Amino acid sequence: MPILLRRQSVLPGFDLTLGFTLAYLSLIVLVPLVAIVIKTTALTFPQFWATVTAPRVLASFRLSFGASLIAAALNTVFGLLLAWVLTRYRFPGRRFMDALIDLPFALPTAVAGIALTALYSSNGWIGQMLEPFGVKVAYTPLGVLIALVFIGLPFVVRTVQPVLADLESELEESAATLGASRWQTFYKIILPTLLPALLTGFTLAFARAVGEYGSVIFIAGNMPLVSEITPLIIVTKLEQYDYTGATAVASVMLLASFVLIFAINGLQSWNRKRYTGLG
Amino acid sequence: MKYLNIALVSLVALFAANAHADVTLLNVSYDPTRELYQEVNAAFARHWQATAREKVSIRASHGGSGRQARSVIDGLEADVVTLALAYDIDEIADRARLLPTDWQKRLPNNSSPYTSTIVFLVRKGNPKGVRDWDDLIKPGVSVITPNPKTSGGARWNYLAAWGYALRKYGNDEGRARNFVTALFHNVPVLDSGARGATTTFVERGQGDVLLAWENEAFLALKEFGSGKFEIVVPSVSILAEPPVAIVDRVVDKRGTRKVAQAYLDYLYSDEGQDIAGRNFYRPRSQKAAAKYAKQFPKLNLFTIEEVFGGWTKAQKTHFADGGVFDHIYQPGK
């Protein structure tokens, strides 16, 4: 083992644990991903390019990544709000509300999709109230967004909550005594502390949204070029026995997700360095 | 998902086998046959008990026809397949070689013990005045059909519309294509399967017309009461022949060939035909057809062989990637 890789630690077992980590990661994550890439190589490059740049596929990438980013951003804002209320205030029903947050985790996604569609279709409770204003939610890209916001909510709340709980309110008080305005306290004291957790929550919510299938297909309407998500394109290709086409689209999605998540992680470590001066 | 399915089915199979039956069969079927095979399976179990003195328990798995075929290709051990269209069984024969490619000649009537067709389901009173295929391309008429790429039933819908247009425009392919394009521009939601489309139309209140299997339309009337919907029968439609087949490699491995064969033969028997008619499938036998004649309106039916030269050709021209259906949704057309 080269010395560079090794950092002295009081606990032994570095070789063993590293070996285990590598084997485990390979088995669980790398092998399936490699299988996708290998399957894709059955296509020549022009075939691959034609498959992944077909108008329907491109439109689905735009929708899947666009709606997922917006949904993750919305969840970051409102998730922070929810986490703030749940950790900072005591009120009746708080525990119940806290438990509610996890529901989108626990609910089978198909159930969520059916419930949301029933609510937002033009004869549903919410849908019929929006109808007079010409707002259609179910069977439009807006419906996709709502489903993605729904399933992504717990990620931000649950990552921010413990950090918020640890954040001592003395910090804010001292900021106030030193003459900081409320906005300055938030912007200079609270936000930097929460930023790593917020970014993690954002990444998780985004990753979940990109891959989401079950809840979205019910509410999306699945119109080509308009409301078809990429996972649906993959399933459609599979259903036509087009295995290589499906894996081609999947590999692009994989790569794009990886790049995005990698970028967000990079942002995070840059942010950490900026505020703590540590690597 | 697929492995989960396989795991679940095998788990169920395991328990069911231990629980009571001597033989088990797995019938992998398509979406709207739930009610039909529920009845057939119970009746056949009684029949087999009486004739062969053997207890048989049959489980049926339902879903989009293409997806079901794919599960079988990927290893789901189906003794018999009863799918929405011959193309899906062809794929099982071609890709996984689980049965001979001439499987469709092994049973009478193209291996289709019952037939169906495509009709319209409209809302009570037919507010948009839909009478025939022409009305579906009018502006302001909203049509619900599943996606032909994923749903077998939707392919029949699509081909029925195409066949009508060909007949109307004297076999002019270009005009038929414009007709079907106009029709699909009136479709606001593309569900992935026939049951999903029915739910969208019936329960979510989307659309003015549902293009549906005749049996599915009757079932919707029965389930939701005829006070809410009406069936409109177009002047011309397609003769849909959902085929059945034994999966040779599976029955030989599991030693179930005899009972599987008897199960499919039973579909052609008097009782089997009667059950089909009762579940709104058009029976093949004269006797059952006469009994249920009142239930099924007469209309001109064309077959896929006559108009499209068979499934393989239709699939390639219309539904494969880059086919006619894809062009309908290309931008600017």
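That block above? That's the structure.
Residues numbered from 1 in each chain as written. Chains lettered and ligands numbered in written order. Predicted model: local features only at pLDDT ≥ 70, side-chain atom pairs only at ≥ 80, totals over all residues. Heavy atoms only, no water.

Two side chains bearing opposite charge may form a pair once their charged atoms approach each other closely. A full pass over the atoms with the stated rule returns 28 salt bridges over all chains. Of the charged contacts in the structure, one is a salt bridge between Glu216 of chain B and Arg195 of chain B, with a shortest N-O distance of 2.7 Å. Of this pair, Glu216 of chain B sits in helix α9 (residues 214-224) while Arg195 of chain B sits in helix α8 (residues 194-202), placing them 21 residues apart in sequence. The buried category is assigned to Glu216 of chain B, whose relative accessible area is 3%. Note that Arg284 of chain B is salt-bridged to Glu241 of chain B, the shortest N-O span being 2.7 Å. Of this pair, Arg284 of chain B sits in the loop between β10 (282-283) and α13 (286-291) while Glu241 of chain B sits in the loop between β8 (236-240) and β9 (244-246), and the two are 43 residues apart along the sequence. Residues participating in the shared-partner salt-bridge network are Arg56, Glu228 and Lys237 of chain A together with Lys149, Asp321 and Asp326 of chain B. (Salt bridge = Lys/Arg side-chain N within 4 Å of Asp/Glu carboxyl O. Helix = DSSP H or I, 4+ residues; strand = E, 2+ residues; numbered from the N terminus. Buried < 20%, exposed > 50% of the residue type's maximum accessible area, 1.4 Å probe, protein only.)

Okay, the packing of helix α3 (residues 55-88) of chain A against helix α12 (residues 230-239) of chain A next. The packing of two helices is summarised by the inter-axis angle and the distance between the axes. Residue and element names in this part refer to chain A. Where α3 contacts α12, the two axes come as close as 8 Å, and the packing angle between them is 145 degrees. Where α3 abuts α12, its residues Arg56, Val57, Ser60, Phe61 and Ser64 lie against Thr230, Pro231 and Ile233. Grouping the constituent residues of the contact of α3 with α12 by class yields four nonpolar, three polar and one charged. (Axes fitted to C-alpha atoms, helices over the stretch in contact; angles between N-to-C directions. Contact = heavy atoms within 4.5 Å. Nonpolar A, V, L, I, M, F, W, Y, C, P; charged D, E, K, R; others polar.)

Now for unusual backbone geometry. Unusually for a residue other than glycine, Tyr139 of chain A sits at a positive phi of about 65 degrees. The topology assignment puts Tyr139 of chain A in the loop between α7 (125-130) and α8 (141-166). Relative accessible area serves as the criterion here: at 7%, Tyr139 of chain A is assigned to the buried category. Located in the positive-phi region is Asn109 of chain B, a residue other than glycine, with phi close to 50 degrees. In this structure, Asn109 of chain B sits in helix α5 (residues 108-111). Overall, the relative accessible area of 37% leaves Asn109 of chain B in the partly exposed class.

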